[in-house]
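# Architecture and fold: a report
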Amino acid sequence: MRYIVAKQARAVDVGIRIAGHHTDPTTVILNEKEVMFNKQLASLPTLDEKVEALEGSIHSLSEIKLILQNYE
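To start, this report covers the structure provided alongside it. Bear in mind the structure is a predicted one, so any value in this text is a computation, not a measurement.

Tracing the sequence through the fold places Thr 27 in strand β2 (residues 27–31). Taking relative accessible area as the criterion, Thr 27 reaches 15% and is therefore assigned buried. Not counting the four nearest positions on each side in its chain, Thr 27 is found in contact with Val 5, Ala 6, Lys 7, Gln 8, His 22 and Tyr 71.

Structure (structure tokens):
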């Protein structure tokens, strides 16, 4: 499983609910499936393209654990 750190505003723009996600003032952490199966991003075929549309970056579980330390 991969995780995406995306701009909150872009995530909201494509219909992702921020409630229940780890956030900081400007970003939100999403999982790969939330992004891949988002209907508003369906026209973009790859995860990389979808993440780019969210102005985000892709991370592994070990990377996201380190990032989460800064969210708390």
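Further remarks concern the sheet that holds β2. Spatially, β2-β1-β3 is the arrangement adopted by the three strands of the open sheet, whose pairing is antiparallel. Each of the sheet's edge strands pairs with one partner strand only, and the pair in question is β2 and β3 (57–59). Strand-to-strand twist of the sheet, defined as the mean angle between neighbouring strand axes without regard to direction, takes the value 30°. Judged from the three bridges that link them, strand β1 (residues 3–7) and β3 form a sheet pairing that is antiparallel. Bridge pairing links Val 5 to Ser 57 in β3.

Reading the values: rules and limits
- Residues numbered from 1 in each chain as written.
- Predicted model: local features only at pLDDT ≥ 70, side-chain atom pairs only at ≥ 80, totals over all residues.
- Heavy atoms only, no water.
- Helix = DSSP H or I, 4+ residues; strand = E, 2+ residues; numbered from the N terminus.
- Buried < 20%, exposed > 50% of the residue type's maximum accessible area, 1.4 Å probe, protein only.
- Contact = heavy atoms within 4.5 Å.
- Pairing = 2+ DSSP bridges.
- Axes fitted to C-alpha atoms, helices over the stretch in contact; angles between N-to-C directions.

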